[in-house]
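Per-entry structural report
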Amino acid sequence: MDSLTEQDHFVTVEALARKEGQELAIPRGRLLVAACQSGSQLAEKVVKRYRALLNHMGSRESILDLLNIDKRFSDSETCVRLEEHVSGSDAFLFQAPFDPTREFSIDQNYMAFLIATRALREHGARHITGVMPYLAYARQDKPTKFTREPTTARLMADLSITAGLDRLIVWDPHCNQIRGFYGAMPVNMLESLTLFIHEFRNYKGRDDVIAVAPDAGASKFVTHFGRALNLTCAIASKYRPEPETVVISEIIGDFRRKRIAIILDDMISGGGTIDALIRKLVEEKNIQEIYLGVSHNLCVGKAYERLKALHQNFGLKQVIITNSIPQTKQFMLLPFVTVRCLSEFLVKTINRIHHERSVSQVFYRPGHERVLELDL
Ligand code: R5P
């Protein structure tokens, strides 16, 4: 048991030296936060918060930041330049491969990430951890039977390893098995359970509330959520007769006396899943209020119109999303949408990795009541 973490979620060399009699030494080298253009907004928030915590703890540790390190040449090639010495550093490289607020494509952003990784590697960074909260291509995790698609998620892992990456931090990836594509490389898959338990803590134990999984993929997650907050759970059966159409054939669960539904899902893409599910909950299960927690909002397709219509006509009261993907103004201005910043989680995770401490200890685990102190 890591006694220090039971009291302090943020670690400094001074605190370690005091509590464990260690020397003032940082095992992994100087802390560096680097970011490609699309990852810079989040990286900046993380650096600000990290520095504030160092300051609060009275630590002399420092953190070097190198933001917006990628440029495009006129022929569209990507070029990465590091303006500072990085040799021997413990580098955390931020990128948002999907960024609906900029003109760069996922492929350009991924390429920038790979080139930046290689730049850090060739210039002597001791450790390179990618921070990619939304892991693009994770949905292409298996070849389909009839249309001869490749396992593209595996290819992305191979490219990252070849570029020189030696650790990865992601937020609630579409499928957890993807971890195996990275072989022996540590991958920290931060799950959003801690966030949603915190967000919906006021509903704990209420017998008029039901937690709903939109499909089989979300059921395990919703079950953990339901157990943590002592709520009944339901699971919907979903299929897509064609790409943009979603049908919820049934919702399995005990809806007697239920008035409020909390839906949790990993992502909103076009919003078809949420649309079909909420309509069915209202029309067939007599649900009057709906709350939605989603890890990634892609800001694409009809999602904006659908959420607005669900809010106006189908009792959708609040949508909680994160900035794992840079959010467009359009979504951020919707009064019933709350965008939670991931910086608090990332600061704690980076701090724990930097000091070679357990990351999972600062996240919710079933059976452990002590969870991350959230200051969102
Ligand atoms: C599916 O497996 C995912 O968990 C989401 O439910 C899905 O990707 C959402 O897509 P859309 O918003 O287009 O229905």
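Here the structure is shown first, and the text comes after it.
Presented here is a report on the structure given in the accompanying data block. It should be emphasised that the depicted structure is a prediction, and the values quoted were computed from it without experimental measurement.

The relative placement of two packed helices is expressed as an angle between their axes plus a distance between the axes. One can describe the packing of helix α3 (residues 40–56) onto helix α11 (residues 343–354) by two numbers: an axis separation of 9 Å at closest approach and a directional angle of 65 degrees. α11 is crossed by α3, and the crossing has right-handed handedness. Along the contact surface, α3 presents Leu42, Lys45, Val46, Arg49, Tyr50 and Leu53, while α11 presents Ser343, Glu344, Leu346, Val347, Ile350, Asn351 and His354.

Here we take up α3. With 17 residues, α3 should reach 24 Å at 1.5 Å per residue; the first-to-last C-alpha distance of 24 Å fits that figure. Restricting attention to buried positions, one finds in α3 the residues Ser40, Leu42, Ala43, Val46, Val47, Tyr50, Leu53 and Leu54. Down the axis of α3, the sector holding all buried residues measures 150 degrees, keeping them to one side. In α3, those exposed residues whose orientation departs by more than 90 degrees from the buried face are Lys48, Asn55 and His56. Buried positions along α3 lie against β1 (30–35), β2 (63–66), β5 (89–94) and α11. Positive phi appears at Gly58, one or two residues downstream of α3, with a value of about 70 degrees.

What follows covers the site of the ligand. Lining the immediate surroundings of the ligand are 14 residues, of which Asp265, Asp266, Ser269, Gly271 and Thr273 lie closest. At a separation of 3.4 Å, an oxygen atom of the ligand approaches a polar backbone atom of Gly272. Contact with the protein chains hides 86% of the accessible area of the ligand, taken as 370 Å² for the molecule alone. A molecule is said to occupy a pocket when more than half its atoms come within 2 Å of that pocket's grid points, and by this definition the ligand occupies the largest pocket. No other element matches the four residues that strand β12 (residues 260–268) contributes to the shell around the ligand.

Our next topic: the state of the cysteines. By the definition in use, this model includes zero disulfides. A disulfide-free cysteine, Cys79 has its sulfur positioned 12 Å from the sulfur of Cys36, the nearest such atom. Cys299 takes part in no disulfide bond, and the closest cysteine sulfur, belonging to Cys341, lies 15 Å away. For Cys299, a relative accessible area of 14% puts it in the buried group.

A few words now on the layout of surface pockets. Gaps left between atoms are located by rolling a probe of water-molecule size over the structure's atoms. If you add up the space inside the largest pocket, you get close to 1600 Å³. Lining the largest pocket are 49 residues, and of these Pro173, His174, Cys175, Gly217 and Asp266 sit closest to its centre. For the lining of the largest pocket, the secondary structure elements donating two or more residues are β8 (187–190), α7 (216–229), β10 (232–242), β12 and α8 (272–285). Of all the elements, α7 adds the most residues to the lining of the largest pocket, at seven residues. By residue class, the composition of the lining of the largest pocket is 17 nonpolar, 16 polar and 16 charged. Two domains each put at least three residues into the lining of the largest pocket: domain 1 (6–190 + 342–362) and domain 2 (194–322). In this structure, the second largest pocket encloses a volume near 240 Å³.

What follows concerns the nonpolar core. One finds Phe94, Phe200, Phe225, Ile262 and Leu346 to be the most contacted residues of the largest nonpolar core, which totals 49 residues. Per element, the largest residue contribution to this core is seven residues, and it comes from α3. Taken domain by domain, the makeup of this core includes at least three residues from each of domain 1 (6–190 + 342–362) and domain 2 (194–322). Apart from residues lying up to four places away in sequence, Phe200 is in contact with Phe225, Leu229, Ile262, Leu264, Tyr291, Leu292, Gly293 and Ile320.

Right, let's talk about the pairing of strand β9 (residues 209–213) for a bit. β9 sits mainly inside the fold: five of its five residues count as buried. Taking every second residue as pointing to the same face, both faces of β9 are buried, with Val209, Ala211 and Ala213 on one and Ile210 and Val212 on the other. As judged from the four bridges shared by β9 and β12, these two strands associate in the parallel manner. Within the sheet, the bridge partner assigned to Ile210 lies in β12 and is Ala261.

Position of Phe104 among the secondary structure elements: in the loop between β5 and α4 (106–122). A C-alpha to C-alpha distance of 8.6 Å links Phe104 and Ser38, two positions 66 residues apart in sequence. The residues touching Phe104, leaving out its near neighbours within four places in the chain, are Gln37, Ser38, Arg72, Asp99 and Asn109.

Turning our eyes to something else, we now look at α8. Taking 1.5 Å as the rise per residue, α8 with 14 residues should run 20 Å; its terminal C-alpha atoms sit 19 Å apart, in good agreement. Burial in α8 covers these residues: Gly272, Thr273, Ile274, Asp275, Ala276, Leu277, Ile278, Lys280 and Leu281.

This part covers the sheet that holds strand β14 (residues 316–322). Within the open sheet, the seven strands sit side by side as β11-β10-β9-β12-β13-β14-β15. Their pairing is mixed. Two strands in the sheet have a free side with no partner beyond their single neighbour: β11 (245–252) and β15 (337–340). Taken over all neighbouring pairs, the strand axes of this sheet differ in orientation by 25 degrees on average, direction set aside. Sheet analysis places β14 next to β15, joined by four bridges and oriented parallel. Among the inter-strand pairings, Ile321 is bridged to a residue of β15, identified as Val339. The sheet contacts of helix α9 (residues 303–313) involve β12, β13 (289–297) and β14, and relative to β14 the element is tilted by about 145 degrees.

Rules used throughout
Residues numbered from 1 in each chain as written. Predicted model: local features only at pLDDT ≥ 70, side-chain atom pairs only at ≥ 80, totals over all residues. Heavy atoms only, no water. Axes fitted to C-alpha atoms, helices over the stretch in contact; angles between N-to-C directions. Helix = DSSP H or I, 4+ residues; strand = E, 2+ residues; numbered from the N terminus. Left-handed = near helix turned anticlockwise from the far one by under 90°. Contact = heavy atoms within 4.5 Å. Expected span 1.5 Å × (residues − 1). Buried < 20%, exposed > 50% of the residue type's maximum accessible area, 1.4 Å probe, protein only. Arc of directions from axis to C-beta. Near = heavy atom within 4 Å. Polar contact = N/O pair within 3.5 Å; in protein donor to acceptor, adjacent residues only side chain to side chain. Areas by Shrake-Rupley, 256 points an atom, 1.4 Å probe, with all protein chains shown as cover. 1 Å grid on protein atoms, 1.4 Å probe; cavity = no way out; pocket = protein on both sides within 12 Å on 5 of 7 lines; lining within 4 Å. Sits in = over half its atoms within 2 Å of the grid points. Disulfide = S-S within 2.5 Å. Points joined across faces, edges and corners; volume = space filled by probe spheres on them. Nonpolar A, V, L, I, M, F, W, Y, C, P; charged D, E, K, R; others polar. Domains from an automatic or database assignment. Core = buried A, V, L, I, M, F, W, Y, C linked by side-chain atoms within 4.5 Å. Pairing = 2+ DSSP bridges.

Coordinates in, geometry out; function isn't part of it.
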